[in-house]
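# Structural characterization, general
Next come the chains, spelled out residue by residue.
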Amino acid sequence: RFFIGAESPWVKLGYGDAYPVMPDMIISGKRVRGFGGALSAGFFNFEVVAGDIVRRVEGDTVKTFPYDSLAAEQAVDPTGPYGPYDTSAVPDVWAKYRHGTFDRSLLILRPSFKFGNSVFGVTALHSRDDIASVTYGGAPEENVVAGTDLTLSFDRKNIELKGQAGFSLYNGNIRGGTISDAKIDSIFSDSTYESFDRDDLENARDLFSRFITVNENLVPLGVKNLATLSYEGNVAVNYQPNNFNFTLLRHGASYRSFGQPFYRRDVEGFSVNDRLRLAENRLQLTAGFERLEDNTAETKAATTTYTTVSGGASWLSRTDVPNITIGLFSQTNHNPIAPSLPSSVDDNTLRFMVQMSRQIVLGARHFASVGFSTSRRDDNTGRNLD
């Protein structure tokens, strides 16, 4: 890892390994090797990040064989990647491949406007696999995300309102380029796309092909249920001794950002958390409730509800008595499908933990802790996976 940079009060420039943190819906700590810069001109700010997030790893051929043996090879390994190796030979020589990894580039542009402690920003991300970076590659991918975020702060940041929203385009295989009119005609012979109008798809292709490769692998191909739209809203109120936090969210089932690979998709709902500090901050009480549902695209047989209730207490001692933390968590997952069916979900997980810790001075300052936790899961479906 390396990084070299220079900065002044109004401009920052750097090259090397950076971990940009912008709206976490788009990128949050993903390592980028390349160039980064930021311009701060009073209320206007502009950030740019350009580099690689995945390095190339070349693939190879596992074995070669005459074309006549292709059926037999596929019978042994139906999921393996196969393709022509030497078409000048008689008969043609084919090969089984071990796919490599494409070099993947990333570009992020983010203008933002700051008014006191409040910020409004717009972020655009484009990321694409370099097809030419490896000889033996699988399906090269491409991703575009556009998002906006707003932070409003009041009373010395004791009250903060935050919101962010993003819409993504994702193509799982850009090999072959943008779709042609003839290919669109052939797609409409498939009933899967009967809800789309041919002219609408062509118009969308002409528009979005300026930003991303448009073919039958593009997600979304339609706007029903806005499967690639995600948004979050948050209210935080911090007046001592109380810290309150409420979040409303919706993560689309097909939303994807190459800068945020761990983003949980296909959930919508809310969460609320509260922390109370008493006895000169020695006693801390916490409580939380979260209720989320999946099936945001309405493509599943039923909607599963995920409910989490949590609570805890911590005593931070100023005497020889150890610090003590106790926590209790209950997680329930349920859908209305009959318990005898394989897709049924009806379970509850109950967790309990206790931890004691203390600082000890023996020649130097030491910190010792001991903890215990237990978890029990009750499954009420036919699988009975307790």
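Note that the coordinates shown come from a computational prediction; the quantities given were computed from them, not determined experimentally. (Residues numbered from 1 in each chain as written. Predicted model: local features only at pLDDT ≥ 70, side-chain atom pairs only at ≥ 80, totals over all residues. Heavy atoms only, no water.)

### Looking at the pattern of salt bridges
Here is the rule we go by: Just to be clear on terms, a salt bridge is a Lys or Arg side-chain nitrogen sitting within 4 Å of an Asp or Glu carboxyl oxygen. The cut-offs for exposure are 20% and 50% of the maximum accessible area for each residue type, with area from a 1.4 Å probe on protein chains only; residues under the lower value are buried, those over the upper are exposed, and the others partly exposed.
By the definition in use, this model includes 21 salt bridges. Ionic pairing is found between Arg-205 and Asp-206, a salt bridge with its closest N-O pair at 3.2 Å. Residue classification places Arg-205 among the buried positions, given a relative accessible area of 11%. Here Asp-347 makes a salt bridge to Arg-377, at a shortest N to O gap of 3.2 Å.

### Focus on helix α3 (residues 198-208)
In plain terms, the rule: Elements are defined by DSSP. Helices are runs of H or I of four residues or more, strands are runs of E of two residues or more, and each kind is numbered from the N terminus. Think of the arc as the fan of directions from the helix axis to the C-beta atoms.
Within α3, the full set of buried residues consists of Leu-201, Glu-202 and Arg-205. Take α3 and look down its axis: the buried residues cluster within an arc of 100 degrees, on one side only.

### Remarks on the side chain of Asn-158
Definition in use: Side-chain atoms alone can form a polar contact between residues adjacent in sequence; in general such a contact is a pair of N or O atoms within 3.5 Å, and within protein one must be able to donate a hydrogen while the other accepts it.
The topology assignment puts Asn-158 in the loop between β10 (142-154) and β11 (159-171). For Asn-158, the side chain forms a polar contact with the main-chain oxygen of Asp-155, separated by 3.0 Å.

### Points about the confidence of the model for the protein chain
Low pLDDT marks regions whose predicted coordinates should not be analysed in detail. Convention followed: The predictor rates its confidence in each residue with pLDDT, a number between 0 and 100.
When pLDDT is averaged across the protein chain, the result is 92; 97% of the residues are at 70 or more. The secondary-structure element of the protein chain with the lowest mean pLDDT is helix α2 (residues 181-187), recorded at 77, while strand β17 (residues 305-315) shows the highest, at 98.

### Regarding unusual backbone geometry
Comment: phi is negative for the bulk of residues other than glycine, and the bulk of peptide bonds are trans. Put simply, Val-219 and Pro-220 share a cis peptide bond, and its omega is 5 degrees. Residue placement: Pro-220 occurs in the loop between β12 (218-219) and β13 (229-239). Here the residue pair Gln-240 and Pro-241 is connected by a cis peptide bond, since its omega of 10 degrees sits within 30 degrees of zero. Counting through the fold element by element, Pro-241 comes out in the loop between β13 and β14 (242-251). Despite not being glycine, Asp-155 shows a phi value in the positive range, around 50 degrees. Here Asp-155 lies in the loop between β10 and β11. Positive phi values are uncommon outside glycine, yet Glu-280 reaches one of about 55 degrees.

### Considering the sheet that holds strand β6 (residues 82-86)
Definition in use: If DSSP finds at least two bridges between two strands, the strands pair. The angle between two axes is taken between their N-to-C directions and runs from 0 to 180 degrees, where each axis is a line fitted to C-alpha atoms and a helix contributes only its stretch in contact.
Taken in spatial order, the 3 strands line up as β5-β7-β6 in an open sheet, and their pairing is antiparallel. Looking at strand neighbours, the two that pair on one side only are β5 (60-66) and β6, the edges of this open sheet. The average undirected angle you get between the axes of adjacent strands in this sheet is 40 degrees. Of the strand pairs in this sheet, β5 and strand β7 (residues 93-98) are connected by 6 bridges, and their pairing is antiparallel. What sits directly across from Pro-66, in β7, is Val-93.

### Re the nonpolar core
Our working rule: Here, the term nonpolar core denotes a set of buried Ala, Val, Leu, Ile, Met, Phe, Trp, Tyr and Cys residues that are joined through side-chain atoms within 4.5 Å. Throughout, a contact is declared for two residues whenever any of their heavy atoms are within 4.5 Å.
Formed by 15 residues in total, the largest nonpolar core has its most connected members in Val-32, Val-49, Leu-106, Ile-108, Leu-125 and Tyr-255. Elements with a minimum of two residues in this core: β4 (44-54) and β8 (103-115). The residues contacting Val-32, other than those within four sequence positions of it, are Gly-16, Asp-17, Ala-18, Pro-20, Ile-27, Val-49, Ala-50, Gly-51, Asp-52, Ile-53 and Leu-106. Grouped together as the second largest cluster of nonpolar side chains are 8 residues, Leu-169, Ile-179, Ile-184 and Ile-212 included.

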